[in-house]
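Given next are the chains, with one letter for each unit.
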Amino acid sequence: MYLKASQQIVTIDGPSGVGKSTISRKVASALSFIYLDTGAMYRAVGLKLKQAGIDLQDDTAVRNCLASMSLELIPATDESEDVGVVLDGRDVSLEIRSPEMAMVASAASALPVVREKLTQMQQEIGSKGRIVAEGRDTGTIVFPQAAWKFYLDAAPEVRMQRRAEQLRGQGKQVNEKELLDMIIKRDYDDQTRSIAPLCKAEDARVIDTGALSIEEVAETMLKAIELVK
Ligand code: DC
């Protein structure tokens, strides 16, 4: 099947803690595609607005703040590492990965001006194809033309346990009840916002990652991708 460059895109959407990042990195590495972590971009914008003390209701202030922003994604050197982020010349890679910053990112991501700016940046990055884009709206809004779309899902408790393990691995203390509440609230906020809510693209293939290992999910996806190549 002939695919234009702009269609040679894998989109991987789904709620938080479903294994999207690890799986996206694996799939990108297996295909030798670039991994685009759109969540990292929303986290960086959240941090920028928070540090500048911007009122999220003030559209003009948000717009002005974003106009002066420089945002650079640094590809991970290793499949097991997160993408790095340099915001206004400062490395914020670690700072943006806390559960608190996830909530800040979720609030910022509900603003139309933020989505407009980041969607445009993501489309530019993906214009030459050969990328694996991961997020909430990559198959629906950012790259509706993508040839391979996936929607990953799993029960909130399963996702909480995975995130807890990840945080413990980083030497952090975890309150499981708080973490579960945060996941449920973030799902709700991401699914009910009026602009680009988290939802499955009609033509996306759904995979429940609860019962599968990361390797099994990646393998399922790579097989499906091979069929449409
Ligand atoms: O994937 P993540 O947990 O790093 O994303 C952080 C937040 O950013 C998430 O709560 C919702 C938002 N987000 C979004 O709205 N659209 C995307 N494409 C990616 C992330």
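Residues numbered from 1 in each chain as written. Predicted model: local features only at pLDDT ≥ 70, side-chain atom pairs only at ≥ 80, totals over all residues. Heavy atoms only, no water.

Brief notes about the overall build of the protein
Then, number 1: Of the regular secondary structure elements, the protein holds nine helices and eight strands.
Then, number 2: The C-alpha atoms of the protein give 17 Å as radius of gyration, which agrees with the globular expectation for 229 residues (17 Å, within 12%).
Then, number 3: The C-alpha extent of the protein, read off along each of the three principal axes, is 50 × 40 × 35 Å.
Then, number 4: When each of the 229 residues of the protein is scored for burial, the buried share is 46%. (Helix = DSSP H or I, 4+ residues; strand = E, 2+ residues; numbered from the N terminus. Rg over C-alpha atoms; globule rule 2.2 N^0.38 Å. Buried < 20%, exposed > 50% of the residue type's maximum accessible area, 1.4 Å probe, protein only.)

Some details on the site of the ligand
Then, number 1: Near the ligand, the surroundings consist of 14 residues, among which Arg-43, Arg-115, Arg-136, Asp-137 and Arg-186 are the closest.
Then, number 2: With respect to the ligand, the side chain of Arg-186 contributes an N or O atom lying 2.7 Å from an oxygen atom.
Then, number 3: Of all the secondary-structure elements, those providing two or more residues to the shell around the ligand are helix H2 (38-51), helix H4 (99-108) and helix H8 (176-192).
Then, number 4: Grouping the constituent residues of the shell around the ligand by class yields two nonpolar, five polar and seven charged. (Near = heavy atom within 4 Å. Polar contact = N/O pair within 3.5 Å; in protein donor to acceptor, adjacent residues only side chain to side chain. Nonpolar A, V, L, I, M, F, W, Y, C, P; charged D, E, K, R; others polar.)

What to know about the sheet that holds strand E4 (residues 84-87)
Then, number 1: Spatially, E3-E4-E5 is the arrangement adopted by the three strands of the open sheet, whose pairing is antiparallel. Either end of the sheet is taken by a strand with one partner, and the two such strands are strand E3 (71-74) and strand E5 (90-91).
Then, number 2: Taken strand by strand, H2 contacts E3, E4 and E5, and its axis lies near 35° from that of E4. (Pairing = 2+ DSSP bridges. Contact = heavy atoms within 4.5 Å. Axes fitted to C-alpha atoms, helices over the stretch in contact; angles between N-to-C directions.)

Brief notes about the packing of aromatic side chains
Then, number 1: What the rule picks out here adds up to one aromatic pair.
Then, number 2: The interplanar angle of 45° and the centroid separation of 6.3 Å between the aromatic rings of Phe-33 and Trp-148 together place this pair among those described as tilted. Taken together, the residues Phe-33 in the loop between helix H1 (20-31) and strand E2 (34-37) and Trp-148 in strand E7 (residues 148-153) connect sequence positions 115 residues apart. (Phe/Tyr/Trp six-rings, centres within 6.5 Å; stacked < 30°, edge-to-face > 60°.)

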